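Residues per chain, in single letters:
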Amino acid sequence: MRRRLAIVVSLALMMVPAIPALAAPATATAPAAATATAPAAAKPAKPPKAAKPATRTYDLDFTLPTAGRSGCLVCHGDPNLAKVGAETTSSIFVDIERLRASAHAKNTPCTGCHLDFAYTSPHKRIQGAEDWVASARLACKNCHAEAFSDHSNGVHSLAGKPGVSTTQTAASRAQRGMPAKVPLCGDCHGGHAITAPDDAAGRRALHSSGIAMCGQCHERETASYDDYYHGAAYRRGSLDAPSCWDCHGFHQILPSSDRHSPVHPNQLAATCGQESCHDGADEAFTEYAQLIHGQAEIRDANPLVLIVNRAKQTVREALDTVRSSF
């Protein structure tokens with residue numbers, strides 16, 4: 001009996017080491033589970049970015065096409081912004097209130113006119129751009145094609161060709177006895193504060209700007225615009241007195257010797273008789289036209305005026321002789 005019990009105990013002790021072996025599959029998965037939940041190996045740390053100076057330029061590359069505080073006017077809205085040149089310093093400030101009241105406030109971004117600037121800050125000029133002022137003043141042609149076509153067929157035509165620089169065009173005009181420079185769209189219409197056609201105040205201001213506008217080049221003609229019924233009244237601010245373009249035309253301005261010009265003798269009756277002017281004007285009526293710019297010459301050519309002027313000159317000379325003797 002005891003022998004049998006000893007055999008059973010021996011067999012039981014032999015089976016004890018096998019128990020962990022039976023549990024091995026359950027414990028073998030533990031390392032795998034731990035591996036699955038362990039964090040991935042960390043990537044090498046990037047070196048810290050260098051600190052940017054406090055005076056760095058604005059990062060505007062993606063906002064420059066926007067005509068607003070988030071775009072060009074971040075800089076150009078500063079009244080103190082100026083461009084310093086070799087000999088002159090000029091303001092490049094843009095008055096946002098005038099811009100908002102202009103005809104182009106809603107649909108024309110800054111780069112719609114300033115075509116030769118890339119969308120970068122500071123600005124990088126587009127290759128081939130020659131004169132940024134001329135580019136802006138001529139940008140109107142991209143939208144106002146008919147007006148520019150008329151301008152190109154008049155005395156203010158650029159007479160340039162594609163690929164020919166403005167400097168070359170000016171030299172060519174000078175060789176032909178023509179003014180080297182001609183007024184561009186912006187020279188007459190302005191830039192940031194162009195008024196809308198339905199702006200009554202803007203139309204009145206435009207009407208009153210003739211002498212200042214055309215007088216930049218035509219000094220003699222504007223100085224002689226002083227007859228009683230036209231020039232003198234215009235200078236006093238009369239809204240029914242004609243501005244320069246009411247008689248001479250505007251975009252397609254032609255020489256007075258051209259038979260299609262509104263101030264040519266063949267067209268003068270129609271010009272004087274246009275709506276809101278002199279209804280029923282005929283050739284006899286247009287004889288007065290010679291006084292509009294020639295009043296001073298005609299007056300001085302009058303025999304009585306000549307006698308008076310000569311008498312005045314004689315008195316002045318006599319007085320000068322007397323003064324010089326003392």
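Residues numbered from 1 in each chain as written. Predicted model: local features only at pLDDT ≥ 70, side-chain atom pairs only at ≥ 80, totals over all residues. Heavy atoms only, no water.

Attention shifts here to the overall build of the protein. The helix and strand tally for the protein stands at 16 helices and 2 strands. Taking all 326 residues of the protein together, the buried fraction comes to 21%. In the protein, the proportion of contacts linking residues at least 24 apart, taken out of those at least 6 apart, comes to 48%. Element-wise, carbon and sulfur atoms account for 60% of the exposed surface of the protein, whose accessible area totals about 23900 Å². (Helix = DSSP H or I, 4+ residues; strand = E, 2+ residues; numbered from the N terminus. Buried < 20%, exposed > 50% of the residue type's maximum accessible area, 1.4 Å probe, protein only. Contact = heavy atoms within 4.5 Å. Areas by Shrake-Rupley, 256 points an atom, 1.4 Å probe, with all protein chains shown as cover.)

With respect to the secondary-structure elements, Asp78 resides in the loop between helix 3 (73-76) and strand 1 (82-84). Within the local environment of Asp78, its side chain forms a polar contact with the backbone nitrogen of Asn80, the two atoms lying 2.9 Å apart. (Polar contact = N/O pair within 3.5 Å; in protein donor to acceptor, adjacent residues only side chain to side chain.)

Next up on the list: the side chain of His207. Here His207 lies in helix 9 (residues 200-207). By relative accessible area, which is 14% here, His207 ends up buried. Residues in contact with His207, not counting those within four places in the same chain, are Tyr234, Ser238, Leu239, Ala241, Pro242, Ser243, Trp245 and Asp246.

According to the stated counting rule, one finds 3 salt bridges in the structure shown. Of the charged contacts, one joins Asp187 and Arg137 as a salt bridge, the two residues approaching to 2.7 Å between their closest N and O atoms. Residue Asp187 is located in helix 8 (residues 185-189), and its partner Arg137 is located in helix 5 (residues 132-138); the two are separated by 50 residues in the primary sequence. Note on Asp187: relative accessible area 25%, which makes it partly exposed. (Salt bridge = Lys/Arg side-chain N within 4 Å of Asp/Glu carboxyl O.)

Moving on to the side chain of Thr286. Tracing the sequence through the fold places Thr286 in the loop between helix 14 (268-272) and helix 15 (290-301). A distance of 2.6 Å separates a polar side-chain atom of Thr286 from the backbone oxygen of Glu283. What Thr286 contacts, discounting residues up to four positions off in sequence, is Leu268, Ala269 and Cys272.

On to the confidence of the model for the protein. When pLDDT is averaged across the protein, the result is 77; 70% of the residues are at 70 or more. When mean pLDDT is compared element by element in the protein, helix 13 (residues 244-248) scores highest at 95, while helix 2 (residues 18-37) scores lowest at 44. Below pLDDT 50 for its whole length, residues 16-38 participates in 0 contacts with residues either more than four positions away or in separate chains. Confidence over residues 52-67 falls short of pLDDT 50; this stretch has 31 contacts with residues more than four positions distant or in other chains. (pLDDT = per-residue confidence, 0-100.)

Another point: unusual backbone geometry. A positive phi angle, close to 70 degrees, is found at Ser276, a residue other than glycine. If you trace the backbone, Ser276 turns up in the loop between helix 14 and helix 15. By relative accessible area, which is 65% here, Ser276 ends up exposed.

Now for the state of the cysteines. According to the stated counting rule, one finds 0 disulfides in the structure shown. The thiol of Cys143 is unpaired, and the distance to the nearest cysteine sulfur, on Cys113, comes to 7.6 Å. Overall, the relative accessible area of 67% leaves Cys143 in the exposed class. With no disulfide of its own, Cys214 lies closest to Cys244 among cysteine sulfurs, the gap being 3.8 Å. (Disulfide = S-S within 2.5 Å.)

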